[in-house]
Amino acid sequence: QVQLEESGGGLVQAGGSLRLSCGASGRTFSTYAMAWFRQAPGQEREFVAGIRWAGGITYYADSVKGRFTLSRDNAKNTVYLQMNSLKPEDTAVYYCAARMSTWSGLYPPLSQSEYGYWGQGTQVTVSS
């Protein structure tokens with residue numbers, strides 16, 4: 001089993017920055033990919049950014065490309081999502097997810113169904 005815990009959400013003005021953290025504990029040696037998803041009120045959960053653990057290959061949704069950066073600290077089993085130039089439309093609950101099995105393809109999976117472990121979520125609110 002793997003436990004994920006997010007932190008770092010909050011309220012920020014448009015144009016500001018936040019850094020989200022996701023710490024993993026438990027069977028972390030089997031991690032194949034980790035990702036951030038978000039869900040705004042009344043909307044479906046959507047992929048934001050992900051990282052393939054082997055090789056550190058990252059992938060970003062077009063809506064955040066150039067503004068958000070995903071990084072990791074292997075020693076701490078933690079991934080970070082640095083969010084810059086935040087916009088009101090970035091307001092959502094952000095979830096960390098982990099996948100513990102292989103898949104075909106180079107980039108981390110984009111579908112939430114591909115991830116078996118989830119954190120509880122952290123609220124990000126961007127005011128205009």
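For the structure, see preceding data.
So, here is what we can say about the structure in this document. (Residues numbered from 1 in each chain as written. Predicted model: local features only at pLDDT ≥ 70, side-chain atom pairs only at ≥ 80, totals over all residues. Heavy atoms only, no water.)

1. Some words on the sheet that holds strand β1 (residues 2–7)
As summarised here, the arrangement of the 4 strands in space is β1-β3-β8-β7, forming an open sheet in which the pairing is antiparallel. Only two strands of the sheet have a single partner each, and these edge strands are β1 and β7 (68–73). Averaged over neighbouring strand pairs, the angle between their axes works out to 15 degrees when direction is ignored. Sheet topology places strand β3 (residues 18–26) next to strand β8 (residues 78–83); 6 bridges connect them, and they run antiparallel. Across the sheet, residue Ser21 finds its bridge partner in β8, namely Tyr80. (Pairing = 2+ DSSP bridges. Helix = DSSP H or I, 4+ residues; strand = E, 2+ residues; numbered from the N terminus. Axes fitted to C-alpha atoms, helices over the stretch in contact; angles between N-to-C directions.)

2. Digging into the packing of aromatic side chains
A full pass over the atoms with the stated rule returns 6 aromatic pairs. Look at Phe37 and Tyr115: their rings are 5.5 Å apart centre to centre, the planes differ by 75 degrees, and that puts the pair in the edge-to-face class. Here the residue Phe37 occupies a position in strand β4 (residues 33–39), and Tyr115 occupies one in the loop between β9 (92–99) and β10 (117–118), the gap between them amounting to 78 residues. Counting every residue linked through ring pairs, the aromatic cluster contains Phe37, Phe47, Tyr59, Tyr95, Tyr107, Tyr115 and Trp118. Stacked on the ring of Tyr59, the Lys or Arg Lys65 has its end atom at 5.8 Å from the ring centre. (Phe/Tyr/Trp six-rings, centres within 6.5 Å; stacked < 30°, edge-to-face > 60°. Lys NZ or Arg CZ within 6 Å of the ring centre and 35° of its normal.)

3. Structural notes on unusual backbone geometry
When glycine is set aside, most residues are seen to have a negative phi, and most peptide bonds are trans. Of note in the backbone geometry, Asn77 takes a positive phi value of approximately 50 degrees without being a glycine. Relative to the helices and strands, Asn77 resides in the loop between β7 and β8. In this structure, Ser85 is a non-glycine residue whose phi angle is positive, near 50 degrees. If you trace the backbone, Ser85 turns up in the loop between β8 and β9. Since its relative accessible area comes to 41%, Ser85 is described here as partly exposed. (Buried < 20%, exposed > 50% of the residue type's maximum accessible area, 1.4 Å probe, protein only.)

4. Some remarks on the side chain of Arg99
Assignment of secondary structure puts Arg99 in strand β9. Judged by its relative accessible area of 10%, Arg99 is buried. Dropping the residues within four chain positions of it, Arg99 is found in contact with Ser30, Thr31, Tyr32, Ala33, Pro109, Glu114 and Tyr115. (Contact = heavy atoms within 4.5 Å.)

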